[in-house]
Amino acid sequence: MVFGFSAMPERPSNDHEALQSTRRAEVLARLEGVLAGRKRLTLEVGSGHGHFLNAYAVAHPDRFCVGIDIMSDRVRRGLRKRDRAGLANLAFLHAEAGDLLAVLPAEVKFEAVFVLFPDPWPKRRHWKNRLIQPAFLSTLARSSVAGAPLYFRTDYEPYFAEAREVVASHADWELRNDMPWPFEYTTVFQARAPVYHSLIAIRR
Ligand SMILES: C[S@@+](CC[C@H](N)C(=O)[O-])C[C@H]1O[C@@H](n2cnc3c(N)ncnc32)[C@H](O)[C@@H]1O
């Protein structure tokens, strides 16, 4: 299932617009259900089974963490872990990244964003579906506080090279090779990866 920035038809049909608008209204309703007046969030895009963000939320009780994923069963698994741990500073939402950013209230901003082992889309004709693209970075920057870090990690070297290039040439983000990875917790996909690459960028 793909319905992000890149999957958008150049001239959307009325059907596409109607579906998108219904979907975004649902995402907003879910988001409002967890925000409760909060204005600063730590976001994980593509949170999968929720291992990383559950562990991160335990270690950062001062942060309110939101994980989003387009696969509802993964969201449910993340929520089950959260509930077992009794965490009050963590939510998982069934949402696509572009939809979340489109409905995020202007006063709500991200103070950190994690993108861990995103779908690599190795075939050339699918590259347009990759998450890290200039339009996504622009929208993410508008929704992030100045100084907010973007943490990106992948085991697919060609995607890493492309993402580094896209981030390095983006006006809103500064690549920071000097910064340490802030928190280690092996995700499901990380456990399967013999090698992986990480980058950190700061919202200017
Ligand atoms: C390869 S998995 C990695 C999951 C997890 N981060 C990990 O490392 O185990 C990528 C995840 O991103 C989700 N995903 C893909 N595109 C997305 C999008 N545009 N918005 C939100 N989630 C997305 C997929 O459903 C999948 O769970």
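Quick notes on the rules
- Residue numbers here run from 1 along each chain, matching the order of that chain's written sequence.
- Totals for whole chains, interfaces and linings use all residues, but because this is a predicted model, local features are given only for residues with pLDDT of at least 70 and pairs of side-chain atoms are given and counted only at 80 or more.
- Here a strand pair is declared whenever DSSP counts at least two bridges between the two strands.
- Working definition: helices are DSSP H or I runs of at least four residues, strands are E runs of at least two. Numbering for both runs from the N terminus.
- Axis definition: a line fitted to C-alpha atoms, over the contacting stretch in the case of helices. Angles run 0 to 180 degrees between N-to-C directions.
- Residues are treated as contacting if the C-beta atoms built from their backbones sit within 7 Å of each other.
- To decide whether a residue is near a molecule or strand, its C-beta atom is placed from the backbone and checked for lying within 6 Å of it.
- Ten residue types, Ala, Val, Leu, Ile, Met, Phe, Trp, Tyr, Cys and Pro, are classed as nonpolar, four, Asp, Glu, Lys and Arg, as charged, and the remainder, Gly among them, as polar.
- Neighbour density around each residue's C-beta defines its exposure: 20 or more other C-beta atoms within 10 Å make it buried, 12 or fewer make it exposed, and counts between make it partly exposed, where C-beta atoms are placed from the backbone.
- Handedness of a crossover is defined as follows: with both strands directed away from the viewer, a clockwise route from the first strand across the helix to the second makes it right-handed.
- Roughly parallel means an angle under 35 degrees; roughly antiparallel means over 145; roughly perpendicular covers 65 to 115; every other angle is labelled oblique.
- Left-handed is the label given to a crossing in which the near helix is rotated counterclockwise from the far helix by less than a right angle, and right-handed is the label when the rotation is clockwise.

Considering the sheet that holds strand β6 (residues 173-175)
Right, so step 1: Read from one edge of the open sheet, seven strands run β3-β2-β1-β4-β5-β7-β6, paired in mixed fashion. Across the chains shown, the open sheet's two edge strands, defined by having one partner strand only, are β3 (90-94) and β6. Across this sheet, the average inter-strand angle for adjacent strands is 20°, counted without regard to direction.
Right, so step 2: Bridge count for β6 against strand β7 (residues 197-203) is three bridges, and the pairing is antiparallel. By the bridge assignment, Trp173 is partnered in β7 with Arg203.
Right, so step 3: Set on the sheet, helix α2 (residues 51-59) makes contact with β1 (40-45), β2 (65-69), β3 and β4 (109-116); between it and β2 the angle comes to about 175°.

Some words on the site of the ligand
Right, so step 1: Close contacts around the ligand come from 21 residues, with Gly46, Gly48, Phe117, Thr187 and Phe189 the closest.
Right, so step 2: Secondary structure elements with two or more residues in the shell around the ligand: β2 and α7 (188-192).
Right, so step 3: By residue number, the principal contributor to the shell around the ligand is α7, which donates three residues.
Right, so step 4: Classifying every residue of the shell around the ligand gives eleven nonpolar, six polar and four charged.

Re the pairing of β4
Right, so step 1: Buried residues dominate β4, accounting for six of its eight residues.
Right, so step 2: Bridge analysis of β1 against β4 gives six bridges, and the strand direction is parallel. From the neighbouring strand, Leu41 faces β4, where its bridge partner is Phe110.
Right, so step 3: In the sheet, β4 pairs with strand β5 (residues 149-154) via four bridges, with the strands oriented parallel. If you follow Val115 over to β5, its bridge partner there is Phe152.

Comments concerning the pairing of β5
Right, so step 1: Between β4 and its parallel partner β5, the chain crosses via helix α5 (residues 134-142), and the hand of that crossover is right-handed.
Right, so step 2: Sheet topology note: the β5/β7 ladder contains six bridges and is antiparallel. The residue bridging Phe152 from the neighbouring strand is Leu199, located in β7.

Some remarks on the packing of α2 against helix α3 (residues 72-85)
Right, so step 1: Remark: α2 packs on α3, axes separated minimally by 9 Å, with the N-to-C direction vectors making an angle of 30°. It follows from the interaxial angle that α2 and α3 lie roughly parallel. Our pair here, α2 against α3, has a crossing hand that is right-handed. Here Leu53, Asn54 and Val58 of α2 come into contact with α3, specifically with Gly78, Lys81, Arg82 and Ala85.
Right, so step 2: Residue classes in the contact of α2 with α3 are distributed as three nonpolar, two polar and two charged.

These results come straight from atomic positions and should not be treated as a statement about function.
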